[in-house]
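# Observations on chain architecture
Listed here are the chains, written in short residue letters.
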Amino acid sequence: MSRVKSLKCRECGEEYPIEPINVCEFCFGPLEVDYDYDLIRKNISKDKIKSGPLTIWRYKDLLPIENQNIIDIGTGFTPLTKATNLGNHLGLNNLYIKNDSVNPTYSFKDRVVSVATTKAVEFEFKTLACVSTGNLMGAVAAHGAKAGMETVVLFPSNLEQAKIVNSSIYGPTLVAIHGTYDEVNRLGSEIADNNPWAFVNINMRPFYAEGSKTLGYEVAEQLDWSVPDHCIVPAASGELHTKIWKGFQEMEEVGLLEKVNSKMHLAQALGCSPIVKAYNNNESQVTPVKPDTIVKSLAIGNPAAGSYALETLKETSGAAVAISDPKVIEGIQLLAETEGIFTETAGGVVISAVKELAENGIIKPDELAVAYITGNGLKTFEVVESTVESIYSKPDYGDLKKTLNLK
Ligand SMILES: *Cc1c(COP(=O)(O)O)cnc(C)c1O
Ligand SMILES: [Zn+2]
């Protein structure tokens, strides 16, 4: 008997065997992993999880993997830090930062890729590939290297240099496309249709997406097996937002949590906010946009899981917030200056969203809120480079004293 039953169409419910496929043949809906929760409930426990590895693999019972050959470079179990200073500043007494910027390749994408790569090895693929908005390409190149696979990454050519270098160093074939992410994605789908490659976010997407659930499991475990009143989650495809919620619900389903009732808030950059727009206009489908923002990691104009993010927002009474580029930079600076955490642009979106939700009274002063910080500031340092102000001195104590006004 297996914990993993099938792949199931999120639209029509049609079931498929566990294979590297992601689209329903009947209705073109996306496929999702379906589990036998009765079986999982019998085998899982808080003690078993606690005695597991200090990585996402402590939750293996809830991940779609059969093999023992896990491709793990140390992803997950990142800090959940009480943000006392930032909380004081925003009038919030129970604000926490889930700091996923300290994963092996410095973003939450290591979670999804560790699961997708492990599954790709199980399927005996030799080539690991992705289409990337920047963080994914680093995670794929690193995990592919660890798995001994060939790796190919496709990305829009205007990405931040640090993201390209942070992928290149692991030895992939780098393919820069002169186009938007959505155009790169279309090319990736054509390759995936015609070549035996494991594209982590195309044909491997059902398995990849499951890795995001661990950002729900971990926060619940770190809060001593309870869920926050509020989660503030950045959205590109919208998958992470829906999967954190799925993670909480699964933990309730298998008996690890009492009734879960978090409000799942969603944050995007104003220059690429198709999910926010659809939600606030009360639409059930997302209308694609052409991204125009410094927040490149979230710049997906046609979000694959957009309609499911809308469902999660509705189901949990979440709010959807769009943040302008200047406010993104303010958010990055505020988190750094109050909590000592340097995040990338997506984190700037999240912090400014928390500020807005606190100011609007959506997050009340004593409620427990978790801000998901999903990427590292060193990868997008260009956006704050112009704020650097050094004081210059000669290598001479007299001059230094004068410069610093010392006695
Ligand atoms: C990819 C990414 C996200 C969002 O992921 P989706 O699941 O596509 O919504 C959030 N933050 C960062 C830093 C990312 O790289
Ligand atoms: Zn279907």
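Our subject is the structure that appears above.
Looking at ligand 1, there are 16 residues lining it, with Lys-109, Asn-135, Ala-236, Ser-237 and Thr-374 nearest. Separating an oxygen atom of ligand 1 from a side-chain N or O atom of Lys-109 is a distance of 2.7 Å. At 3.0 Å, a backbone N or O of Gly-238 approaches an oxygen atom of ligand 1. Split by residue class, the shell around ligand 1 holds seven nonpolar, six polar and three charged.

Our focus in this paragraph is the sheet that holds strand β3 (residues 31–35). Ordered by their spatial adjacency, three strands build an open sheet running β2-β1-β3, and the pairing between neighbours is antiparallel. Here the strands that pair on one side only, and so sit at the sheet edges, are β2 (15–16) and β3. In the sheet, strand β1 (residues 4–9) pairs with β3 via five bridges, with the strands oriented antiparallel. Looking across to β3, one finds that Lys-8 is bridged to Glu-32.

The next point concerns the pairing of strand β5 (residues 95–99). By the criterion of burial, β5 is predominantly enclosed, with five of the five residues buried. Burial along β5 is two-sided: the residues Leu-95, Ile-97 and Asn-99 and Tyr-96 and Lys-98 are all buried. When strand β4 (residues 80–82) meets β5, the two strands line up antiparallel, connected through three bridges. What sits directly across from Lys-82, in β5, is Tyr-96.

Take the side chain of Thr-316 next. Tracing the sequence through the fold places Thr-316 in helix α12 (residues 306–316). Thr-316 sits in the buried class, given a relative accessible area of 6%. Here Met-264 takes part through its backbone nitrogen, which lies 3.1 Å from a polar atom of the side chain of Thr-316.

About the criteria used
Residues numbered from 1 in each chain as written. Chains lettered and ligands numbered in written order. Predicted model: local features only at pLDDT ≥ 70, side-chain atom pairs only at ≥ 80, totals over all residues. Heavy atoms only, no water. Near = heavy atom within 4 Å. Polar contact = N/O pair within 3.5 Å; in protein donor to acceptor, adjacent residues only side chain to side chain. Nonpolar A, V, L, I, M, F, W, Y, C, P; charged D, E, K, R; others polar. Pairing = 2+ DSSP bridges. Helix = DSSP H or I, 4+ residues; strand = E, 2+ residues; numbered from the N terminus. Buried < 20%, exposed > 50% of the residue type's maximum accessible area, 1.4 Å probe, protein only.

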